[in-house]
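Per-entry structural report
Chain residues, written in single-letter form:
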Amino acid sequence: MNEFSYLFLVFLIASMLLKIWLNRRQIAHITKHRGEVPVDFKGKIDLKAHQKAADYTVEKTRLSTVSTIIASVLLILLTLGGLINVLTLQSQNWISHPLWSGVVMILCVFILSHLIELPVQLYQTFKVEQQYGFNRTSLGQFIKDQCLQLGLMLVIGLPLLYALVWIMGAMGDYWWLYAWLLTIVFTFFMTWLLPTVIAPLFNTFTPLEDEQLKQRIQQLLERCGFNSKGVYVMDGSRRSGHGNAYFTGVGKNKRIVFYDTLLNSLNADEIEAVLAHELGHFKCKHINKQMLVSSLVTLLGFALLGWLNQQPWFFDGLGILQINNAAALLLFIIVTPIFTTFLQPLDSHLQRKFEFEADAFASTMTKPGFLIQALVKLYRDNASTLTPDPIYSGFHHSHPPAGVRINHLKTLDSST
């Protein structure tokens, strides 16, 4: 162990304790306010629904603490515990080609991490979600989804990992710039491919059949200057009772997708208001801004990795015996998150700013009152807590707390 080993341990422990502390605050705050519906929601959400949301959130938060501890222990075992060294030797015994053996080692770590987290996912799905009436998936469907995810990891992940490790060894001192360009191109390609190839592997997407609603949506799209390849309904109810809506794809391949559960819950005015909010992200160029920030962060990350890859103390400090490009790439992927944990509020703040701007845009396209009605229904139907702890929310929530968002919308609605 060297100085970096101790720095790594300090950040790992601090990150884990911070997450546990935030979870405890969240549970305590929600429990404290469980007995009464907040003033802004009285008459809109009854006490029983409010308490269901509180209990549901508490259960998920407790499970999050378990996941945090498991992930921290696994990270220690992989690095200072020597598990990466063991997997490296095993992959070299299986595969003589050094580049492919490195790729297989990285893939083994990803699969191992997924398998270790699998019991938590099973408990979340078949205990917590089932208990609160949200789970609609069967064990067979769950296993099928896991197999599909593993298959996609192999089909998509293997070529990408191979290309990145190859670039690290073949493109000289500025390999990190080429790796960044590859990652950007790959991200755009996957975003373009997602709606037509990948997503249909998991769900069925059918064109919206309600002609009256479709016409209203088309008129809204025209007012916003948004071109879409179509409006689709996803059979989200096959797996869950939660409702949602989203945009997917890039360029001319953009799609609007509604969960069938959302369409069953909201009326036409409310659906239009939700869509207007989503269009607000497009109109305010939030997607472009997020992609720009993500690209810059990725560039800085690869540049940092390019420097760390030349520092023996980086490998020694994390318990790695064989210094190679595959090990460097893996370490950077699994270790970096513990050093960026404390920056999460910055990202949350930016995301919330975007949400307020999208709400403001929606209020120019439809009545804010309709969006308020839609949000209240979504909070109720999805059992979203109305009383999150402010500090916890500042770290973890990309959307403003329910009360804050509703009050902001009321300021935009002269009729409220």
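As the structure is a prediction and not an experimental result, all values here were calculated from the model.

What to know about helix H13 (residues 344-365)
Residue pairs three or four apart in sequence face the same way in an α-helix, which turns once every 3.6 residues. The end-to-end C-alpha distance of H13, which contains 22 residues, comes to 32 Å, matching closely the 32 Å that a straight helix rising 1.5 Å per residue would cover. On the buried face of H13, the contacting elements are helix H7 (211-224), helix H9 (268-283), helix H10 (286-308), helix H14 (368-381), helix H15 (390-396) and helix H16 (402-412).

Let's talk about the pairing of strand S2 (residues 231-234)
Of the two faces of S2, the one lined by Val231 and Val233 and the one lined by Tyr232 and Met234 are each fully buried. Bridging between strand S1 (residues 205-207) and S2 involves three bridges; their strand directions are antiparallel. Following the sheet pairing, Pro207 is matched in S2 by Tyr232. Of the strand pairs in this sheet, S2 and strand S4 (residues 255-259) are connected by four bridges, and their pairing is parallel. Bridge assignment links Met234 to a residue of S4, and that residue is Tyr259.

Observations concerning the environment of Cys108
In this fold, Cys108 is placed in helix H4 (residues 98-131). Residue classification places Cys108 among the partly exposed positions, given a relative accessible area of 22%. Sequence separation of Cys108 and Ser91 is 17 residues, and the distance between their C-alpha atoms is 8.8 Å.

Structural notes on the environment of Leu148
For Leu148, the position within the fold is in helix H5 (residues 139-170). Placed 50 residues apart in sequence, Leu148 and Ile198 show a C-alpha to C-alpha distance of 9.9 Å. Those residues within four positions of Leu148 in sequence are excluded, and the remaining contacts are Leu201 and Phe202.

A word on the side chain of Thr183
Counting through the fold element by element, Thr183 comes out in helix H6 (residues 175-202). For Thr183, the side chain forms a polar contact with the main-chain oxygen of Ala179, separated by 2.8 Å. Apart from residues lying up to four places away in sequence, Thr183 is in contact with Leu164, Thr298 and Phe302.

Quick notes on the pattern of salt bridges
Tallied over the entire structure, the rule returns 15 salt bridges. One salt bridge connects Asp145 with Arg239, and the closest N-O pair in it is separated by 2.8 Å. Of the two residues, Asp145 sits in helix H5 while Arg239 sits in the loop between S2 and strand S3 (245-248), which places them 94 residues apart along the sequence. An identical accessibility class is assigned to Asp145 and Arg239; each is buried. For the salt bridge of Arg216 with Glu272, the shortest nitrogen-to-oxygen distance reads 2.4 Å. Within this pair, whereas Arg216 is found in helix H7, its partner Glu272 is found in helix H9, the two being separated by 56 residues in sequence.

Quick notes on the nonpolar core
One finds Phe41, Ile217, Phe258, Leu262, Leu263, Leu279 and Tyr379 to be the most contacted residues of the largest nonpolar core, which totals 44 residues. Broken down by secondary-structure element, the contributors of at least two residues to this core are H7, S2, S4, helix H8 (260-265), H9, H13, H14 and H16. Top contributing element to this core by residue count: H14, with seven residues. Leave out the neighbours within four places in its chain, and Leu279 touches Leu220, Leu221, Cys224, Phe226, Phe247 and Phe361. Counting residues in each nonpolar core, the second largest holds 41 residues, with Leu107, Leu164, Phe302 and Leu331 among its members.

Criteria and cut-off values
Residues numbered from 1 in each chain as written. Predicted model: local features only at pLDDT ≥ 70, side-chain atom pairs only at ≥ 80, totals over all residues. Heavy atoms only, no water. Helix = DSSP H or I, 4+ residues; strand = E, 2+ residues; numbered from the N terminus. Expected span 1.5 Å × (residues − 1). Contact = heavy atoms within 4.5 Å. Buried < 20%, exposed > 50% of the residue type's maximum accessible area, 1.4 Å probe, protein only. Pairing = 2+ DSSP bridges. Polar contact = N/O pair within 3.5 Å; in protein donor to acceptor, adjacent residues only side chain to side chain. Salt bridge = Lys/Arg side-chain N within 4 Å of Asp/Glu carboxyl O. Core = buried A, V, L, I, M, F, W, Y, C linked by side-chain atoms within 4.5 Å.

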